[in-house]
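Topology and contacts: notes
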Amino acid sequence: MSVEIIPAIIAKNFKELKEKIEIVEQYVRWVQLDIMDGNFVPNFTWNKPAELKYYDPGVFLEAHLMISEPEKYVGDWIDAGVKRIIFHIEATSDPHAIIQICRNKKIDVGVAINPETDIEQIGAIDELVDMILILGVTPGFGGQKFKSSIVSKIKALRKRNPHLTIGVDGGMNPKTAKQAIEAGANVIVAGSYIFESEDVEKAVDKIKTYANSQ
Ligand code: DX5
């Protein structure tokens, strides 16, 4: 499977979001919007899908909803034009309803799981979604250290589902991305490594080439 690099953006407001998208959009196909409600995670980010309505970036946008009761808000993000919804299995009592909403609107859907959530807790959800996003950090902030304890979870999920898109998000740099890819991940979500780099193009390429090197 080829490896996709998706830059993750934590933005305080729409202006910052657009600035960060413009920094990376020529080097990638997808950008992840980190959406935090200060409730599911102890941080609060830009959170106004209606502001996306008349904005047409040169990349596909996915919304990583680190919010409680995502079922209440998924429709707003889809109507705003995001092409993939990623919600946390820990944040909802009705994951199937969210998956159905996305399927009805022909939008990709992924489920994110926190470091302490075992893959047994997602049941057969991996059979119903387009992606499982495994968090390598406790969600809420960028720049945290990768928890290598999740490598075994990546391996177990890949063994169980050879064709699933498995993303890893949190603490990703060339070295940790290599561990994630060797364990079976094929999507790497990186925030600080890309946005704190001198050269964004080099940073994206470095993750890709280093990760694929033997
Ligand atoms: C959860 C967020 C962050 C972000 C990536 O806190 O989802 O993981 O996307 O941040 P870095 O790449 O800086 O760990």
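Going by the structure above, here's the rest.
Source: prediction; values computed, not measured.

Some thoughts on the environment of valine 24
- Residue placement: valine 24 occurs in helix 1 (residues 14-24).
- Apart from residues no more than four positions distant in its own chain, valine 24 is found in contact with Pro7, Val31, Ile194, Phe195 and Val200.

Re the site of the ligand
- Near the ligand lie 16 residues; those nearest to it are Asp34, Gly143, Gly171, Gly191 and Ser192.
- Between the ligand and aspartate 34, the relevant distance is 2.6 Å, taken from an oxygen atom to a side-chain nitrogen or oxygen of the residue.
- Glycine 191 places a main-chain nitrogen or oxygen 2.7 Å from an oxygen atom of the ligand.
- Taken by itself the ligand offers 360 Å² of open surface, and the protein chains cover 98% of this.
- For the ligand, the cavity whose grid points lie within 2 Å of the majority of its atoms is the largest pocket.
- For the shell around the ligand, the residue count by class is 6 nonpolar, 8 polar and 2 charged.

Considerations on helix 7 (residues 200-212)
- The terminal C-alpha atoms of helix 7 lie 19 Å apart, and with 13 residues this matches the ideal 18 Å at 1.5 Å per residue to within 8%.
- The set of residues buried in helix 7 consists of Val200, Ala203, Val204, Ile207 and Ala211.
- Elements that come into contact with the buried residues of helix 7 comprise strand 1 (4-9), helix 1, helix 5 (174-183), strand 8 (187-190) and helix 6 (192-195).
- The backbone nitrogen of glutamate 201 has a side-chain oxygen 3.0 Å away, supplied by the residue at the start of helix 7, namely aspartate 199.

Topic: the environment of glycine 171
- By secondary structure assignment, the location of glycine 171 is in the loop between strand 7 (165-169) and helix 5.
- A sequence separation of 35 residues divides glycine 171 from glycine 136, and the C-alpha atoms of the two residues are 6.3 Å apart.
- Sequence-distant contacts of glycine 171, defined by excluding residues within four places in its chain, comprise Val137, Gln144, Phe146 and Thr176.

What about the sheet that holds strand 5 (residues 108-113)?
- Overall, parallel pairing links the 8 strands, which are arranged 1-2-3-4-5-6-7-8 in a closed barrel. The sheet shows a mean angle of 25° between the axes of neighbouring strands, taken without regard to direction.
- Sheet topology note: the strand 7/strand 8 ladder contains 3 bridges and is parallel. When the sheet's bridge partners are listed, glycine 167 is paired in strand 8 with valine 187.

Quick word on the pattern of salt bridges
- Considering all chains together, one arrives at 12 salt bridges under this definition.
- When the shortest N-O distance is used, the salt bridge between glutamate 19 and lysine 15 registers 2.6 Å. One end of the pair, glutamate 19, and the other, lysine 15, are both in helix 1, 4 residues apart, so they sit about a helical turn from each other.
- Given a relative accessible area of 58%, lysine 15 falls into the exposed group.
- Taking the shortest distance from any N to any O, the salt bridge between arginine 160 and aspartate 126 comes out at 2.7 Å. One end of the pair, arginine 160, is in helix 4 (residues 151-160); the other, aspartate 126, is in the loop between strand 5 and strand 6 (131-135), and 34 residues separate them in sequence.
- Judged by its relative accessible area of 35%, arginine 160 is partly exposed.
- On the accessibility criterion, aspartate 126 (3% relative accessible area) is buried.
- It is possible to trace a salt-bridge network through shared partners that takes in Lys12, Glu16 and Lys20.

Calculation rules
Residues numbered from 1 in each chain as written. Predicted model: local features only at pLDDT ≥ 70, side-chain atom pairs only at ≥ 80, totals over all residues. Heavy atoms only, no water. Helix = DSSP H or I, 4+ residues; strand = E, 2+ residues; numbered from the N terminus. Contact = heavy atoms within 4.5 Å. Near = heavy atom within 4 Å. Polar contact = N/O pair within 3.5 Å; in protein donor to acceptor, adjacent residues only side chain to side chain. Areas by Shrake-Rupley, 256 points an atom, 1.4 Å probe, with all protein chains shown as cover. 1 Å grid on protein atoms, 1.4 Å probe; cavity = no way out; pocket = protein on both sides within 12 Å on 5 of 7 lines; lining within 4 Å. Sits in = over half its atoms within 2 Å of the grid points. Nonpolar A, V, L, I, M, F, W, Y, C, P; charged D, E, K, R; others polar. Expected span 1.5 Å × (residues − 1). Buried < 20%, exposed > 50% of the residue type's maximum accessible area, 1.4 Å probe, protein only. Pairing = 2+ DSSP bridges. Axes fitted to C-alpha atoms, helices over the stretch in contact; angles between N-to-C directions. Salt bridge = Lys/Arg side-chain N within 4 Å of Asp/Glu carboxyl O.

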